[in-house]
Amino acid sequence: MAATVGVASGDYEPGSRGRGVEGRPWLTGAPPPDGGGCCPGGPAVSSSRPREAPGPHRGMDEGKMDENEWGYHGEGNKSLVVAHAQRCVVLRFLKFPPNRKKASEEIFQHLQNIVDFSKNVMKEFLGENYVHCGEVVQLPLDFVKQLCLKIQSERPESRCDKDLDTLSGYALCLPNLARLQTYRFVEHRPILCVEIKPKCGFIPFSGDVTHEVKHKVCRYCMHQHLKVATGKWKQISKYCPLDLYSGNKQRMHFALKSLLQEAQNNLKIFKNGELIYGCKDARSPVADWSELAHHLKPFFFPSNGLAGGPHCTGAVIRELVRVITRVLLSDSEKGRAGALRLGPGPQGPRVCEASPFGRSLRHQGKSAPECSGLPKGCLLYKTLQVQMLDLLDIEGLYPLYRRVERYLEEFPEERKTLQIDGPYDEAFYQKLLDLSTEDDGTVAFALTKVQQYRVAMTAKDCSVMIALSPCLQDASSEQRPVVASSRSRFAFSVSVLDLDLKPYESIPHQYKLDGKIVNYYSKTVHAKDAAVMSARFKESEDCTLVLHQV
Ligand SMILES: O=P(O)(O)O[C@H]1[C@H](OP(=O)(O)O)[C@@H](OP(=O)(O)O)[C@H](OP(=O)(O)O)[C@@H](OP(=O)(O)O)[C@H]1OP(=O)(O)O
Ligand SMILES: Nc1ncnc2c1ncn2[C@@H]1O[C@H](COP(=O)(O)OP(=O)(O)O)[C@@H](O)[C@H]1O
């Protein structure tokens, strides 16, 4: 069990073993030292050992954490996140199905693996500026239990099939990326945060793909049909990741407007840390642009130089889309591409046949606008490079997974040597750089492809957080980059989150899911398109017959 540290120097030392929060100024309620803390602005997790703390009472004495200072922030399939009311720090807890008992040490190791993977792998691939590793902290069990009770009513019903881990006391402490990363204390300025889960930005190019449609339509667009059919979402989104990743402003604008029309779990907008836009689940009300514009107008038209009404809504949405596009194309790494050199970009088609944008161009007899491509130092480019570690597609990868499985059935003790469950250290990272696809029949080759696939899956499911804070006209940009809109200027930060390495055990699920998605799409959509085409062809044939008779 991880030790709880004693009184520390007060500096924030990431990567310690489940730092207890005792006596750690950057985690206490006291004002942090300049620049201290997992988020320089500070603070908040007070000190204590996991123990049955005295009954809850107001005030933050040393060693008592107050669940009333924390609020529900969001959750996905695996984690639940709470944010401190004043400070820019979050606690990210693991979630499990009810009655799923996991030993505390196992929880600690799981969380430490997330930190190690972010630090040793994703920081290398995506860049120092975009990735925040956080740190494993140990919390008072009573605090966690009270917190769980407090937030339960705020959770979307669709997420309540799993519960917060209240038994181990471990959580990840991270900077609150929904607030601008400041280098000192949090500046009390309005902050707008846009979170995008872009999903996979390329069409598979592997020769192992057996379903022809997979070379024409992207995974996201195909998956939309199955998701609507199974009731996960009400309507098919017009968003296509290839438009967002294209680097072409026209396509990126279309992609962002599509996300604004149908957010699903791919878009969330926060204002001063509060969720103001984005579906909590399939039953959430339909997107209301006028309400969103009302929230955003002060950011984009600060002098209130814009009358209300539909014109205003359109103008505000246009400004938002343009600013987000500029930020996505910004290059905080000054052109430093990541460690991967996967070639000029996706080798498959650059436009997805299912994208409404692509379809409208074809109907107008135009070709897709040339892909200006993403700047090599921007987060989308780097994320796409990591996604393309999926070199063989799941259809080519799955037999290699079976090879590793057969080896582990024979030598189960080798699982540790193969680093299936970590440690995700430098050695693990170095093995990811071997991009060969020539199968030499060895377990080593199979394992490398499996590990690369897991990393690619992680990059296909992560999210980009963009934080915007209005800054004065003369704000110098050396501390923080600045982006201009028609009437405003914003200091901004771009971060990536949800970088948990996808589990080795999820590969069979991916293989089955891939088949389900493709079969459903081929059976319903592709067949329908073919029927429409043949009806048109028949129609034109009938016309030809009439002509002959005459
Ligand atoms: O619907 P969510 O929020 O539970 O998200 C799922 C992902 O579904 P979605 O496609 O709606 O983003 C799911 O991604 P795929 O459907 O497989 O594309 C994702 O599974 P992975 O494929 O293994 O990434 C799933 O991730 P985990 O089960 O948590 O690993 C979950 O994504 P997150 O909730 O964002 O983790
Ligand atoms: N560091 C963070 N700062 C602010 N919000 C966060 C942070 N990490 C996660 N979140 C919010 O919590 C939600 C769920 O977290 P996430 O890590 O995506 O869960 P999961 O791993 O289950 O997908 C995210 O969509 C995001 O809105």
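Residues numbered from 1 in each chain as written. Chains lettered and ligands numbered in written order. Predicted model: local features only at pLDDT ≥ 70, side-chain atom pairs only at ≥ 80, totals over all residues. Heavy atoms only, no water.

(A) Just the overall build of the protein, in detail. For the protein, the helix and strand inventory stands at 14 helices and 13 strands. Within the protein, buried positions represent 54% of all 550 residues. For the protein, long-range pairs separated by at least 24 residues make up 71% of all intrachain contacts whose partners lie at least 6 apart in sequence. Per element, the accessible surface of the protein, about 24,100 Å² overall, is 54% carbon and sulfur. (Helix = DSSP H or I, 4+ residues; strand = E, 2+ residues; numbered from the N terminus. Buried < 20%, exposed > 50% of the residue type's maximum accessible area, 1.4 Å probe, protein only. Contact = heavy atoms within 4.5 Å. Areas by Shrake-Rupley, 256 points an atom, 1.4 Å probe, with all protein chains shown as cover.)

(B) Highlighting the site of ligand 2. Close to ligand 2 lie 21 residues; Lys78, Ser79, Arg92, Leu177 and Glu195 are nearest. Pro175 is positioned such that a nitrogen or oxygen atom in its backbone is 3.0 Å from a nitrogen atom of ligand 2. Contact with the protein chains removes 94% of the 540 Å² of surface that ligand 2 exposes when unbound. Where the shell around ligand 2 is concerned, the elements lending two or more residues are β2 (70-75), β3 (79-84), β4 (89-96), β7 (170-175) and β9 (267-271). For the shell around ligand 2, the element with the most residues is β2, which contributes 3 residues. Taken together, the residues of the shell around ligand 2 sort by class into 9 nonpolar, 6 polar and 6 charged. (Near = heavy atom within 4 Å. Polar contact = N/O pair within 3.5 Å; in protein donor to acceptor, adjacent residues only side chain to side chain. Nonpolar A, V, L, I, M, F, W, Y, C, P; charged D, E, K, R; others polar.)

(C) The environment of Gly358, seen in detail. Residue placement: Gly358 occurs in helix α8 (residues 356-363). By relative accessible area, Gly358 is classed as buried at 4%. Spatially, the C-alpha atoms of Gly358 and Cys240 are 9.7 Å apart, while their sequence positions differ by 118 residues.

(D) Broad picture of helix α10 (residues 393-410). Counted at 1.5 Å a residue, the expected span for α10 with its 18 residues is 26 Å, and the 26 Å between its end C-alpha atoms agrees. What α10 keeps buried is the set Asp393, Ile394, Glu395, Gly396, Leu397, Leu400, Tyr401, Arg403, Val404, Glu405 and Leu408. (Expected span 1.5 Å × (residues − 1).)

(E) Structural detail: the nonpolar core. Met122, Phe125, Phe300, Val455 and Leu468 are the most contacted members of the largest nonpolar core, which totals 87 residues. Considering every element that reaches this core, the biggest residue donor is helix α7 (residues 310-328), with 10 residues. (Core = buried A, V, L, I, M, F, W, Y, C linked by side-chain atoms within 4.5 Å.)

(F) Here's a closer look at the packing of α10 against helix α13 (residues 443-460). At their nearest, the axes of α10 and α13 sit 8 Å apart, and the two run at 125° to each other. Overall, the two elements α10 and α13 adopt an arrangement that is oblique. At the point where α10 passes α13, the crossing takes the left-handed sense. Residues Ile394, Leu397, Leu400, Tyr401, Arg403, Val404 and Tyr407 of α10 lie in contact with α13, whose contacting residues are Val443, Phe445, Ala446, Leu447, Lys449, Val450 and Tyr453. (Axes fitted to C-alpha atoms, helices over the stretch in contact; angles between N-to-C directions. Parallel < 35°, antiparallel > 145°, perpendicular 65-115°, else oblique. Left-handed = near helix turned anticlockwise from the far one by under 90°.)

(G) Here's a closer look at the site of ligand 1. Near ligand 1 there are 16 residues, and of these Asn77, Arg159, Lys197, Lys232 and Gln510 occur at the shortest range. The contact in question runs from an oxygen atom of ligand 1 to an N or O atom on the side chain of Lys502, over 2.7 Å. In isolation ligand 1 offers 610 Å² of accessible surface; the protein chains occlude 86% of this area. Elements represented by at least two residues in the shell around ligand 1 include exactly α3 (219-229) and α14 (507-549). Looking at the shell around ligand 1 element by element, the count peaks at 3 residues for α3. The residue inventory of the shell around ligand 1, partitioned by class, reads 1 nonpolar, 5 polar and 10 charged.

(H) Focus on α13. Here α13 contains 18 residues, and its C-alpha end-to-end distance of 25 Å stays within 8% of the 26 Å for a straight helix at 1.5 Å per residue. Most of α13 sits out of view: 16 of its 18 residues are buried. The N-terminus of α13 is capped by Thr442, whose side-chain oxygen sits 3.0 Å from the backbone nitrogen of Phe445.

(I) Up close: the pattern of salt bridges. On inspection of all chains with the given rule, the structure shows 17 salt bridges. Between Asp243 and Arg251 there is a salt bridge, and its shortest N-O distance comes to 2.8 Å. Taken as a pair, Asp243 and Arg251 share a single burial class, namely buried. Here Lys460 and Asp390 are joined by a salt bridge, their closest N and O atoms 2.6 Å apart. Pair noted here: Lys460 is in helix α13 and Asp390 is in the loop between α9 (379-387) and α10, with a separation of 70 residues, a long-range link. Of the two residues examined, Lys460 and Asp390, each falls in the buried class. (Salt bridge = Lys/Arg side-chain N within 4 Å of Asp/Glu carboxyl O.)

(J) Region of interest: the sheet that holds strand β8 (residues 192-196). Taken together, 6 strands build an open sheet; the order of strands is β10-β9-β8-β11-β13-β12 and the sheet is antiparallel. Only two strands of the sheet have a single neighbouring strand rather than two, namely β10 (274-277) and β12 (482-484). If you compare each strand with its neighbour and ignore which way they point, the axes differ by 35° on average. Judged from the 3 bridges that link them, β12 and strand β13 (residues 489-497) form a sheet pairing that is antiparallel. Looking at the pairing, Val483 lines up with Phe490 of β13. (Pairing = 2+ DSSP bridges.)

(K) Representation of the side chain of Ser237 in the model. Here Ser237 shows up in the loop between α3 and α4 (241-244). When neighbours within four sequence positions are excluded, Ser237 is seen to be in contact with Tyr220, Gln224, Ser258, Glu262 and Gln264.

(L) View of the environment of Glu319. With respect to the helices and strands, the residue Glu319 is situated in helix α7. Residue Glu319 is classed as buried on the basis of its relative accessible area, which comes to 6%. Taking C-alpha positions, Glu319 is 27 Å from Ala354, a pair spaced 35 residues apart along the chain. In this structure Glu319 touches Phe300, Phe301, Ser485 and Ser486, once residues within four positions along its chain are discounted.

(M) Local environment of the pairing of strand β11 (residues 463-470). Of all 8 residues in β11, 7 are buried, a share of seventy percent or more. Relative to β11, β8 is paired through 5 bridges, and the arrangement is antiparallel. In the sheet register, Glu195 faces β11, and the bridge partner there is Met465. Here 8 bridges tie β11 to β13, and the two strands are oriented antiparallel to one another.

(N) Quick look at the environment of Thr442. Along the chain, the position of Thr442 falls in the loop between α12 (426-431) and α13. Relative accessible area serves as the criterion here: at 30%, Thr442 is assigned to the partly exposed category. Through-space distance from the C-alpha of Thr442 to that of Leu400 is 9.4 Å; in sequence the pair is 42 residues apart. Side-chain polar atoms of Thr442 contact the side chain of Asp440, separated by 2.6 Å. Of note is the side chain of Thr442, whose polar atom sits 3.0 Å from the backbone nitrogen of Phe445.

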